[in-house]
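Survey of secondary and tertiary structure
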Amino acid sequence: MKRLLFLFLLLSTTSNLSAQDGKQSISTQVNITATVEQSIELITVQNIRLSGIEPVNNQYNISPTTSSNAGHMIATGNPNAEIRITFQANQILNQINGDGIIRVTYQLSGNDTEEQLNSEILEVQNRSFTFNADGEFYIWIGGRVFIEQAKPGSYEGDFTIEIDYI
């Protein structure tokens, strides 16, 4: 997801009203500075994988902090900038050619170093985080996948993660 933030700062405004030869004139000067923040990009390193895991009670559990099957992404942006990460945890995946559904409760963890085991669980509405000196923040995606209403076939759905400068 790319976001572009424009910050406009009104530096000075001056107005002059003058009368000369019986004519009035008004002049105004406005100086504006625009700062363009680098966009934030998300790079997918690995998608969530269910292969090699056996479901228990029609449910797959993938830990974002310990499972090698967790999805992995890298967010890039301004070095050392503060960011806020939000996401929608509960999603439904619909069968493309049928009426099956898969419910997913996503769980994310993040770290400013590429160390999954030391990553911190992210809440849906979380506190601020900081890009590292290279402008990177690492995210792992896991959660619970409920397949009790699933049927054989392909499924689709959206997972939305937002990362904003603060």
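A few points on the structure. (Residues numbered from 1 in each chain as written. Predicted model: local features only at pLDDT ≥ 70, side-chain atom pairs only at ≥ 80, totals over all residues. Heavy atoms only, no water.)

What about the overall build of the chain?
- Summing up its helical and strand segments, the chain has 0 helices and 13 strands in all.
- Secondary structure elements of the chain, listed N to C terminal, follow the sequence β-β-β-β-β-β-β-β-β-β-β-β-β.
- When the 166 residues of the chain are sorted by exposure, 36% land in the buried category.
- Taking the intrachain contacts of the chain between residues at least 6 apart in sequence as the baseline, contacts between residues at least 24 apart amount to 74%.
- Accessible surface, the chain: about 10,400 Å² in total, of which carbon and sulfur atoms supply 47%. (Helix = DSSP H or I, 4+ residues; strand = E, 2+ residues; numbered from the N terminus. Buried < 20%, exposed > 50% of the residue type's maximum accessible area, 1.4 Å probe, protein only. Contact = heavy atoms within 4.5 Å. Areas by Shrake-Rupley, 256 points an atom, 1.4 Å probe, with all protein chains shown as cover.)

Side note on the layout of surface pockets
- When its volume is computed, the largest pocket comes out at roughly 380 Å³.
- What lines the largest pocket is a set of 15 residues, among which Asn47, Ile48, Leu93, Tyr106 and Ile141 lie closest to the centre.
- Mapped by element, the contributors of at least two residues to the lining of the largest pocket are strand 3 (41-46), strand 5 (71-76), strand 8 (101-111) and strand 11 (136-146). (1 Å grid on protein atoms, 1.4 Å probe; cavity = no way out; pocket = protein on both sides within 12 Å on 5 of 7 lines; lining within 4 Å. Points joined across faces, edges and corners; volume = space filled by probe spheres on them.)

Quick word on the packing of aromatic side chains
- Taken as a whole and assessed by the stated rule, the structure comprises 5 aromatic pairs.
- Aromatic side chains phenylalanine 129 and phenylalanine 137 sit 5.3 Å apart centroid to centroid with 50° between the ring planes, which places their arrangement in the tilted category. Like phenylalanine 129, the residue phenylalanine 137 is buried in the burial classification.
- Among the aromatic side chains, those forming a connected cluster through ring pairs are Phe87, Tyr106 and Phe159. (Phe/Tyr/Trp six-rings, centres within 6.5 Å; stacked < 30°, edge-to-face > 60°.)

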